[in-house]
Structure formats: structure tokens, C-alpha cells
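# Observations on the three-dimensional arrangement
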Amino acid sequence: DLHPAWVLEYLPDKSVARTSFEGTRIDQAPALRVRSDRSYGLVRHAWSGAHPGVLAWRWRLDEALSASDLQTRQGDDASIKVCVMFDQPISEVPFLERMTLQLARQVSQKDLPSATLCYVWDTKYPRGQSGHNPYTARVRYLVVDDASSPRKQWVEQVRSIKEDFALMFGSESSVMPPVRAILVGADSDNTRQRSLAFVQNLRWLTP
């Protein structure tokens, strides 16, 4: 079972299947099994406190989406992603995006994050590729593993979120805002495919 600090979130559309998140053990260590099947879902952990410096985790991709395309709405799916949500001041969000975000908050009646950075394992684009989510520029992605990364093997990731925020949102905010949540997700509701991945030892490291 998942720790109660991790909250499952899905689309409000009940017709969209839910990505499966299950606690398991691999190599005698706990891991999160993430299975998407024409589905959408994420698991989120709220965060508050001093700025952490570095986010680290291990993940492995056993079954990848072949039709995903992070730059198009019809292909906007991810086999596995780890995202950081920031409490960026609304005044620093560009005007048109600010208006859209405020409207989305009113319609959804949720305090949607003003900036989200997603680290993605993607098999279409190369490591280092970055861009905006095709639905909203408030979500931006950075490919950190690609088709050349080994399958069914653990890959370690260590990311300076301060540096990555500056890379992705630095034109808007000169200082990294507080982190409000971390999430792990996978979705295949657009491509109508399946994926299987595992995440292990997700943690903050001091710089």
C-alpha cells in the first residue's frame, strides 16, 4: 500500500481509466509500480518548508509508449514522469497565461500550481529536450532519459531543481519559488497504449 502522505489523483472524466500505482519490492527494496493502460493518473506528495537542493530517484522502464509525442495534444502521454510543482507568484506569470490560470482555478475550484516542471523518460525525443506542455505553458517538461537508456534496468537521476527551474522558468522568475508538491505519474489516455515503469528511493538531497 502507498504511504498516506501520497495522494492519488485522476481526471474528473470518469470514462478515462485510472493509472495503477502499487507498492512492491524489487531487488529486496521497496518500489512503486506504475502501470498505465489507456489511462491517466498521478500520485502527489505535498511539500512545505525550506528549499530542498537536489531531487534524486531511481527508475526503470519496462514497457514504453511507442506513439507518445510530448509536443502534440494527441500524443501528450508519458510512460513515466517525476514532477515538481512550484508556488510561483502569480504576478510573475505572463499576463495571458495568468488570466488562463486564474480562470482554470475558478472553473476547477482547485488551487492549481502556477509552475510545474516534469522530468520525463521519453523514447521519441533525446535526453535534454525540453518544452511546454501542449495544453498549458504552466507545465514544462525536460527529457532526462530517452530511447538509448537501458530498459528493465535501474537508472539513477540526480537533479538540481534550482538549476532546472532557472532553465525552464528563469525568464519569468529570477528566484526559485517554494516547492509545493512532488508527483509521480504516467498516462496513455491519448495514445491508447500501455506502459510499465518502477520508481524507487525518491528523496531530497542537501546540496
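What this report covers is the structure whose coordinates are included nearby. Here the structure is a predicted model, which means the values were calculated and not measured.

## Quick look at the side chain of serine 173
Relative to the helices and strands, serine 173 resides in the loop between helix H2 (161-169) and strand S12 (179-187). At a separation of 2.8 Å, a polar atom in the side chain of serine 173 contacts the side chain of glutamine 88. Among residues more than four places away in sequence, those in contact with serine 173 are Gln88, Glu92 and Phe165.

## Some thoughts on the nonpolar core
Formed by 31 residues in total, the largest nonpolar core has its most connected members in Trp59, Ile80, Val84, Phe86, Tyr119 and Val184. Ranked by size, the runner-up nonpolar core spans 12 residues in total, among them Cys83, Tyr141, Val143 and Ala181.

## Here we look at the sheet that holds strand S13 (residues 194-205)
In space, the 5 strands of this open sheet follow the order S3-S4-S13-S6-S11, with antiparallel pairing throughout. Of all the strands in the sheet, the pair left with one neighbour each is strand S3 (20-26) and strand S11 (155-160). The mean inter-strand angle of the sheet, taken between neighbouring strand axes irrespective of direction, is 30°. For strand S6 (residues 54-63) and S11, the ladder comprises 6 bridges, and the chain directions are antiparallel. Bridge pairing in S11 places arginine 58 opposite glutamate 156. Contacting S6, S11 and S13, H2 crosses the sheet at an angle of about 70° to S11.

## What to know about the packing of aromatic side chains
Within the structure shown, the criterion is met by 6 aromatic pairs. Between tryptophan 59 and tryptophan 121, the ring centres sit 5.6 Å apart and the planes meet at 50°, which makes this aromatic pair tilted. One end of the pair, tryptophan 59, is in strand S6; the other, tryptophan 121, is in strand S8 (residues 115-121), and 62 residues separate them in sequence. Both residues of the pair, tryptophan 59 and tryptophan 121, belong to the buried class. Site record: aromatic cluster; members linked through ring pairs are Trp57, Trp59, Tyr119 and Trp121. A cation over an aromatic ring shows up here: arginine 60 above the ring of tryptophan 154, its NZ or CZ 5.9 Å from the ring centre. One residue, lysine 124, lies across the ring of tyrosine 125, its end atom 5.6 Å from the ring centre.

## Some details on H2
Within the span of H2, buried status applies to Ile161, Asp164, Phe165, Met168 and Phe169. The buried residues of H2 occupy one face: seen down the axis, they fall within an arc of 105°. Within H2, the exposed residues directed more than 90 degrees away from the buried face are Lys162, Glu163 and Leu167.

## Concerning helix H1 (residues 95-108)
In a regular helix each residue adds 1.5 Å, so 14 residues correspond to 20 Å; H1 covers 20 Å between its end C-alpha atoms and thus fits that length. Remark: glutamine 109 follows H1 within two positions and exhibits a positive phi of approximately 60°.

## Quick word on the pattern of salt bridges
Throughout the structure, instances matching the rule amount to 15 salt bridges. Between arginine 38 and aspartate 37 there is a salt bridge, and its shortest N-O distance comes to 3.3 Å. On the basis of relative accessibility, which here comes to 39%, the residue arginine 38 falls in the partly exposed class. For aspartate 37, a relative accessible area of 27% corresponds to the partly exposed category. The salt bridge partner of arginine 127 is aspartate 145, with a shortest N-O separation of 3.7 Å. Of the two residues, arginine 127 sits in the loop between S8 and strand S9 (130-132) while aspartate 145 sits in strand S10 (residues 139-145), which places them 18 residues apart along the sequence. For aspartate 145, a relative accessible area of 3% gives the class buried. Via salt bridges that share partners, Glu97, Arg138, Arg140 and Glu172 belong to a single interconnected network.

Cut-off values and rules
- Numbers given to residues run from 1 along each chain, matching the order in which its sequence is written.
- In keeping with the predicted nature of the model, local features appear solely for residues at pLDDT of at least 70, side-chain atom pairs appear and are counted solely at 80 or more, and the whole-chain, interface and lining totals rest on all residues.
- Just so you know, side-chain values use all the structure's heavy atoms and leave hydrogens and water out.
- Here a helix means four or more residues in a row that DSSP labels H or I, a strand means two or more in a row labelled E, and each is numbered from the N terminus.
- Definition of a polar contact: a pair of N or O atoms within 3.5 Å, with one able to donate and the other able to accept a hydrogen when the atoms are protein atoms, and with sequence-neighbouring residues admitted only if both atoms are side-chain atoms.
- Any pair of residues with heavy atoms lying within 4.5 Å of one another is described as a contacting pair.
- Among the buried residues, those of types Ala, Val, Leu, Ile, Met, Phe, Trp, Tyr and Cys that are joined through side-chain atoms within 4.5 Å form a nonpolar core.
- To sort residues, take the accessible area from a 1.4 Å probe on protein chains only and compare it with the maximum for the residue type: under 20% means buried, over 50% means exposed, and anything in between is partly exposed.
- Paired strands, in this sense, are two strands between which DSSP finds at least two bridges.
- For every element, the axis is a line fit to its C-alpha atoms; helices are fit only across the contacting stretch, and the angle between N-to-C directions ranges from 0 to 180 degrees.
- Centre distance within 6.5 Å is the pairing criterion for rings of Phe, Tyr and Trp, where only the six-membered ring of Trp is used; planes under 30 degrees apart are then read as stacked, over 60 as edge-to-face, and the remainder as tilted.
- Only when the NZ of Lys or the CZ of Arg is both within 6 Å of the ring centre and within 35 degrees of the ring normal is a charge said to sit over the ring.
- Picture the helix axis, draw a direction to every C-beta atom, and the arc is the one those directions span.
- To estimate the expected span of a helix, subtract one from its residue number and multiply by 1.5 Å.
- For this document, the term salt bridge refers to a Lys or Arg side-chain nitrogen within 4 Å of an Asp or Glu carboxyl oxygen.

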